[in-house]
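What follows is each chain in one-letter form.
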Amino acid sequence: MPRRTEAIDDYSTAIPQIVLSSDSDFLDHLIPVLKDAANSRRTPALIQCLSRYSDEREADIERIGLTKHEEFLSSVNQLQGVREDTVALIGEILHLNQSIQTSTEKLVEQKGALVNTKAIRQNIADASDALKDSLRVLQAVNLAHDLIRRKRYYSALKSLEDLQNEHIVPILQNRYATQHRLADAIQKSIPASRKAISEAVMVDLNTWLFHIRRVSPLLGEFAFYQTEMRRARQKKRIDEQECLPNFKLNSAIELVCDESEEFDVLNNEQLEIDFTPLFEGLHIHDALNQSDRFKAEYAATRRQQKDLLIPASIDLLTEDESSLSSLLEEIAGFAILEKASMRKAPQLRTAIEVEELWESMCSSVIKLTNKALGEISNAEALLKIKGVIALFIQTMEGYGYSISSLDSFLLTLFDKYAELLKRRFSEDFQEIVSTDDYMPMAINSIAEFEKVLNISWYTHDQPIAQLSYPCVLPFSQMYPLCCIDIRNFLNQFYFFSDDQFQHSEIIDETLRQSLDELLTEKVCRSIVEKLSSQYLGQIVQILINLEHFEIACQELEQLLIRARSSTSAGGPLKLKATEEFRNHKKTAEKRIFELVNSKIDDLIDTAEYEWLISSPSPEPSSYMQTLTRYLSNIMNSTLLGLPREIKELIYFDALSHTSNKILALPLSTDVKHISGPAVANLAQDVKYLTEFVNSLENGQMLRENLDELQQTVNLLQSDNHDEFFDISIRNKKYGRVDALNGPVLLEKLTTNASQVPIRSAPLSSLSSRFGMMK
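Residues numbered from 1 in each chain as written. Predicted model: local features only at pLDDT ≥ 70, side-chain atom pairs only at ≥ 80, totals over all residues. Heavy atoms only, no water.

Looking at an unreviewed UniProt entry, one finds the protein chain named Exocyst complex component SEC15 and attributed to [Torrubiella] hemipterigena. UniProt's Sequence similarities (unreviewed entry) comment on the protein chain is quoted here verbatim: "Belongs to the SEC15 family." According to UniProt, the comment filed for the protein chain under the heading Function (unreviewed entry) is "Component of the exocyst complex involved in the docking of exocytic vesicles with fusion sites on the plasma membrane." (UniProt positions renumbered as here; feature names shortened; annotations may be inferred.)

Laid out in structure tokens, this is it:
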């Protein structure tokens, strides 16, 4: 292929146009040419063209000058001027060329700088856009952290989620994104931010838990107060409506009746518990998919708080913060908050977990109380403790908690209460019985008499207004004092029974057993021990007291039947003490018989009969007079307070014993013979005794005790002693005479002082004869 010749620009056509152009157009035409020449380094060609054009113009000018000299000269001058201008112009062109060349270099530099500047501007724009995007990401991060600082945790968590979904994930998915490293760093920081939110929520929750722990005692106090108010309202309703006594506190009827008095212990004028931190914590951890962890930490914290509120020991006798009441208030507040939390956030706690905490606290309370019960020796203090626990039970039963363990513990308290009551009243009864004067009780005024009637089971036949004072009651002072203690014992036993204690049948049975034990062992047995006394008046008073105690026991049986609850077994109720008093009445009667008969023995032993006396005495024996006077005195004084049937029985036994004792005098082995005057003296004494008995009330019946003695004396005074051996006659005249004693006495009978027996038949033959007759 032939080599191409380099094209040479031809300025011959351009130069005339440049020269002929006006001054303004001159440069416009010249600059592109110069620029082109400068760029292509063809400036010499341009100059050559300009020189040739100048030479051509000079030649034209010379030719014109030859022909037109003058014109030529002027033209020469003009040309000279043009030449000068051209030279100047060439200089300017050269200068301009140099300037253009310099400017072109600067322009190239500026264009390069411009290109660089445009790249930088693009980079700056890209960086600005990236920075704006980064700022939006950082603003979202800052917003999330600001929400955390302002405790708007859920909004912060939502902001972090939006940050991740709207900004971080798109950036990370775009591998060419300039914010990739920033997004990656923020992405890695999001778990830490979520953890910070979780920790901040737990801090708020722990603060809330600490707060509710502090207000738990106050909450429990409010709950107890409201239960007391409900008790008062229910009592008022029961007083007004007879159909309501069967409906206890927390029954459906009571709850319906009390609806208008509803009181929220969690939200009132004095206390308001905000559950927002709990809800927020649960909601946040649910959003973090950490619900199980949150529930576990919450449960652990509540268990720790439960352990902290249970002290190592309690003092049942104080009223300060270490008392049982304060502990129960704290537990009540704790348990009420647990129920409220479970009701407001069912997914937070299960009923089993709450019940486990409740049973644990109840078990701790029972152990602490049991441990401290050993220090209690006062039944009233124990009753107060029971009242606090019963209030606690009624309060918590209203919140749906199981009270079975506490209800069972009340039985333990009742056993302790019954033991303390029994111990105290046992001492009282023993003191009353031991310090009694065993004298009929004197009454000095109608007020005292009415008081005795009110406290004891004693009925007086005569109207009170007709009594004259001072007067004497049959029983001694111990009887009304014991009656007071019995009534107090009953009342204090039933003090333990209230709306909460559901074991009235146990109270009824324990009361019966305790009352039986006190009356039997501490009253009856102590009284019976006094029967060893040798003072008849004291024994008689004991018998009278036993009689009234028996009546009191019978009245107590009816009282206990009326007082026992509907849940107790029906049917009759018997006190063993009733039978004990009844049986020991017979013991006292026997003791009276013993003392009276002993006195009779002593008096009869003073009898100084001269069985072989030759002449009878004109007066009854002194011992007989003393004996009848003694029997009369005890009947009208010592035995006066006894019931009539007992007095008659004592008299009956005393006369029977007297008859036997007198009859034993002549039957004594020391008496060998009996004279007729001695029999007359004996008959005179028997007659005196018989007349005394006839003078008594029911003397006809009492005289039967003297029949044997009277018939024996008649036999000895009879002229025909053989009648005794004739069974038909003996049954009519001497039927009460002992079949063996009669022949003995007849054997001893003498006709004179020489001690010659009336009959010579030996005693053995008489006895055999009597046996044959039989």
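The rest of the description comes next.
Draft legend 1. Quick look at the overall build of the protein chain. What the protein chain contains, in helices and strands, is 26 helices and two strands. Burial analysis of the protein chain (774 residues in total) assigns 42% to the buried set. Looking at the protein chain alone, contacts between residues at least 24 apart form 74% of all its contacts between residues at least 6 apart. Total accessible area on the protein chain stands at roughly 42300 Å², and carbon and sulfur atoms take up 51% of it. (Helix = DSSP H or I, 4+ residues; strand = E, 2+ residues; numbered from the N terminus. Buried < 20%, exposed > 50% of the residue type's maximum accessible area, 1.4 Å probe, protein only. Contact = heavy atoms within 4.5 Å. Areas by Shrake-Rupley, 256 points an atom, 1.4 Å probe, with all protein chains shown as cover.)

Draft legend 2. Region of the structure containing the nonpolar core. Core analysis: the biggest nonpolar cluster contains 168 residues, and Ile273, Trp358, Ile592 and Leu631 have the highest contact counts within it. A total of 13 residues in this core trace back to one element, the largest contributor, which is helix H13 (residues 404–435). Dropping the residues within four chain positions of it, tryptophan 358 is found in contact with Ile331, Ala335, Phe392, Met396, Tyr401, Ser402 and Leu406. With seven residues, the next largest nonpolar core counts Leu147, Ile148, Ala156 and Val201 among its residues. (Core = buried A, V, L, I, M, F, W, Y, C linked by side-chain atoms within 4.5 Å.)

Draft legend 3. Summary view of the packing of aromatic side chains. In total, this model carries 17 aromatic pairs according to the counting rule given. Among the aromatic residues, those joined into a cluster by ring pairs are Tyr458, Phe475, Tyr479, Phe549 and Phe581. A cation over a ring is seen here: arginine 487 above tryptophan 457, with NZ or CZ 4.2 Å from the ring centre. (Phe/Tyr/Trp six-rings, centres within 6.5 Å; stacked < 30°, edge-to-face > 60°. Lys NZ or Arg CZ within 6 Å of the ring centre and 35° of its normal.)

Draft legend 4. View of the confidence of the model for the protein chain. Taken over all residues, the pLDDT of the protein chain has a mean of 79, while the share at 70 or more is 79%. Across residues 1–8, confidence stays below pLDDT 50; counting only partners more than four residues off in sequence or on other chains, it has one contact. In the model, residues 752–774 has pLDDT below 50 throughout and makes 34 contacts with residues more than four positions away in sequence or in other chains. (pLDDT = per-residue confidence, 0-100.)

Draft legend 5. Region of interest: the pattern of salt bridges. Overall, the coordinates contain 19 salt bridges when judged by the stated rule. A salt bridge links arginine 302 to glutamate 338, with the nearest nitrogen and oxygen atoms 2.6 Å apart. In this pair, arginine 302 sits in helix H9 (residues 291–309) while glutamate 338 sits in helix H10 (residues 324–344), placing the two residues 36 residues apart along the sequence. You'll find arginine 302 and glutamate 338 in the same group, each marked buried. In the salt-bridge network here, residues are joined through shared partners; they are Glu547, Glu550, Glu579, Arg582 and Lys585. (Salt bridge = Lys/Arg side-chain N within 4 Å of Asp/Glu carboxyl O.)

Draft legend 6. Representation of a nonpolar patch on the surface. A contiguous nonpolar patch, built from Ile47, Ile90 and Leu94 and spanning about 210 Å² of accessible area, is present on the exposed surface. Position of isoleucine 47 relative to the elements: it lies in helix H3 (residues 43–67). (Patch = residues over 30% accessible without salt bridge, like charges linked within 9 Å, V, L, I, M, F, W, Y side chains within 5 Å.)

Draft legend 7. Fine view of the packing of helix H15 (residues 478–495) against helix H17 (residues 536–563). Orientation of H15 relative to H17, taken along the N-to-C sense of each, is 20°, at an axis distance of 11 Å. Classified by the angle their axes make, H15 and H17 are roughly parallel. Handedness of the crossing formed by H15 with H17: right-handed. Residue-level inspection shows Met478, Tyr479, Cys482, Ile486, Leu490 and Tyr494 of H15 in contact with H17, the latter providing Asn545, His548, Phe549, Ala552, Leu556, Leu559, Leu560 and Ala563. (Axes fitted to C-alpha atoms, helices over the stretch in contact; angles between N-to-C directions. Parallel < 35°, antiparallel > 145°, perpendicular 65-115°, else oblique. Left-handed = near helix turned anticlockwise from the far one by under 90°.)

Draft legend 8. A look at the side chain of serine 456. Along the chain, the position of serine 456 falls in the loop between helix H14 (446–455) and strand S2 (471–472). Accessibility expressed as a relative area gives 4% for serine 456, which makes it buried. In this structure the side chain of serine 456 is engaged in a polar contact, spanning 2.5 Å, whose partner is the backbone oxygen of valine 452. (Polar contact = N/O pair within 3.5 Å; in protein donor to acceptor, adjacent residues only side chain to side chain.)

Draft legend 9. Inspection of unusual backbone geometry at higher detail. Of note, the bond from tyrosine 469 into proline 470 is cis; its omega dihedral lies within 30 degrees of zero at 0°. Secondary-structure assignment places proline 470 in the loop between H14 and S2. Located in the positive-phi region is tyrosine 438, a residue other than glycine, with phi close to 50°. With respect to the helices and strands, tyrosine 438 occurs in the loop between H13 and strand S1 (442–443).

Draft legend 10. Fine view of the packing of helix H19 (residues 622–638) against helix H21 (residues 676–695). For the pair H19 and H21, interaxial distance at closest approach is 10 Å and the crossing angle is 15°. It follows that H19 is roughly parallel to H21 by the angle criterion. The handedness of the crossing between H19 and H21 comes out as right-handed. For the pair H19 and H21, the contacting residues are Tyr623, Met624, Gln625, Thr628, Leu631 and Ser632 in the first and Asp685, Tyr688, Leu689 and Phe692 in the second. Here the residues of the contact of H19 with H21 sort into six nonpolar, three polar and one charged. (Nonpolar A, V, L, I, M, F, W, Y, C, P; charged D, E, K, R; others polar.)

Draft legend 11. Inspection of H17 at higher detail. Along its 28 residues, H17 runs 40 Å from first to last C-alpha, staying within 8% of the 40 Å computed at 1.5 Å per residue. In terms of burial, H17 is largely enclosed, as 20 of its 28 residues are buried. (Expected span 1.5 Å × (residues − 1).)

Draft legend 12. Spotlight on H9. For H9, spanning 19 residues, the distance from its first C-alpha to its last is 27 Å, which sits close to the expected 27 Å at 1.5 Å a residue. Every buried residue of H9 is accounted for by Ser291, Phe294, Tyr298, Ala299, Thr301, Arg302, Gln305, Lys306 and Leu309. Projected onto a plane normal to the axis of H9, the buried residues spread over an arc of 165° and lie on a single side. Opposite its buried face, H9 presents the exposed residues Asp292, Gln304 and Leu308, each directed more than 90 degrees away. (Arc of directions from axis to C-beta.)

Draft legend 13. Fine view of the side chain of threonine 395. Structurally, threonine 395 can be placed in helix H12 (residues 379–397). Residue threonine 395 is classed as buried on the basis of its relative accessible area of 2%. Non-local contacts of threonine 395, meaning those with residues more than four positions away in its chain, are made with Ala223, Phe224 and Thr227.

Draft legend 14. Examining the environment of asparagine 583 more closely. Secondary-structure assignment places asparagine 583 in helix H18 (residues 576–605). Relative accessible area serves as the criterion here: at 34%, asparagine 583 is assigned to the partly exposed category. Placed 37 residues apart in sequence, asparagine 583 and leucine 546 show a C-alpha to C-alpha distance of 9.5 Å.

Draft legend 15. Summary view of the environment of serine 291. Structurally, serine 291 can be placed in helix H9. The exposure class of serine 291 is buried, given its relative accessible area of 16%. Through-space distance from the C-alpha of serine 291 to that of glutamine 347 is 9.4 Å; in sequence the pair is 56 residues apart. Apart from residues lying up to four places away in sequence, serine 291 is in contact with His285 and Asp286.

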